[in-house]
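So the chains spell out like this:
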Amino acid sequence: QVQLVESGGGSVQPGGSLRLSCAASGSIFSIYAMTWYRQAPGKRRELVAYITSDGDIKYADSVKGRFTISRDNAKNTVYLQMSSLKPEDTAVYYCNADILSNGTSWYSDYWGQGTQVTVSS
């Protein structure tokens, strides 16, 4: 079994910073892409940023210059450093990963449970 566990959410004032973490555990052979999504109340889930095992990185236009994604392959962990936070960044943030489990020959899609980020004065 593979699990993704997010941490680091919370409440912060506008202009503040938070760092999210997402650790993958279980019978993992390799991880290709690790992605952060978010979903605000009443809105569709949207991609925030992703990073591949090759080091390719992409950000949503709304977070470019404010958020930084990184990963520690040895720890199967992806991070999202969020700075200059705005009220519109308020959402549940979800981690997603494409994982090749031991004993299989295809990548499967896994999701974390989500962590709440609230930006408010």
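Above this text sits the structure in question.
Everything in this summary refers to the structure shown in the same document.

1. Thoughts on the packing of aromatic side chains
Then comes step 1: Tallied over the entire structure, the rule returns 1 aromatic pair.
Then comes step 2: Ring centres 5.0 Å apart and planes at 45° place the aromatic pair Tyr-37 and Trp-111 in the tilted group. Separated by 74 residues along the polypeptide, Tyr-37 in strand S4 (residues 28-39) and Trp-111 in strand S10 (residues 107-111) bring together distant segments of the chain.
Then comes step 3: The class of Trp-111 is partly exposed, set by a relative accessible area of 36%.
Then comes step 4: Over the aromatic face of Tyr-79 sits the side chain of Arg-19, whose NZ or CZ is 4.1 Å from the ring centroid.

2. Considerations on the nonpolar core
One recurring pattern in soluble globular proteins is that nonpolar side chains are buried together.
Then comes step 1: Trp-36, Leu-80, Met-82 and Tyr-93 are the most contacted members of the largest nonpolar core, which totals 31 residues.
Then comes step 2: For this core, the secondary-structure elements that each account for two or more residues are strand S1 (2-7), strand S3 (18-26), S4, strand S5 (46-51), strand S7 (67-72), strand S8 (77-82), strand S9 (91-101) and strand S11 (115-119).
Then comes step 3: Among the elements that take part in this core, S9 stands out by supplying 5 residues, more than any other.
Then comes step 4: Met-82 has contacts with Gly-16, Ser-17, Leu-18, Leu-20, Arg-66, Phe-67, Tyr-93 and Val-117, leaving out every residue within four places of it along the chain.

3. Overview of the state of the cysteines
Then comes step 1: With the rule as written, the count across this model stands at 1 disulfide.
Then comes step 2: There is a disulfide in this structure between Cys-22 and Cys-95, and the S-S distance comes to 2.1 Å. Measuring the twist about the S-S bond at about -80°, one finds the Cys-22-Cys-95 disulfide to be left-handed. Of this pair, Cys-22 sits in strand S3 while Cys-95 sits in strand S9, and the two are 73 residues apart along the sequence.

Calculation criteria
- Residues numbered from 1 in each chain as written.
- Predicted model: local features only at pLDDT ≥ 70, side-chain atom pairs only at ≥ 80, totals over all residues.
- Heavy atoms only, no water.
- Phe/Tyr/Trp six-rings, centres within 6.5 Å; stacked < 30°, edge-to-face > 60°.
- Helix = DSSP H or I, 4+ residues; strand = E, 2+ residues; numbered from the N terminus.
- Buried < 20%, exposed > 50% of the residue type's maximum accessible area, 1.4 Å probe, protein only.
- Lys NZ or Arg CZ within 6 Å of the ring centre and 35° of its normal.
- Core = buried A, V, L, I, M, F, W, Y, C linked by side-chain atoms within 4.5 Å.
- Contact = heavy atoms within 4.5 Å.
- Disulfide = S-S within 2.5 Å.

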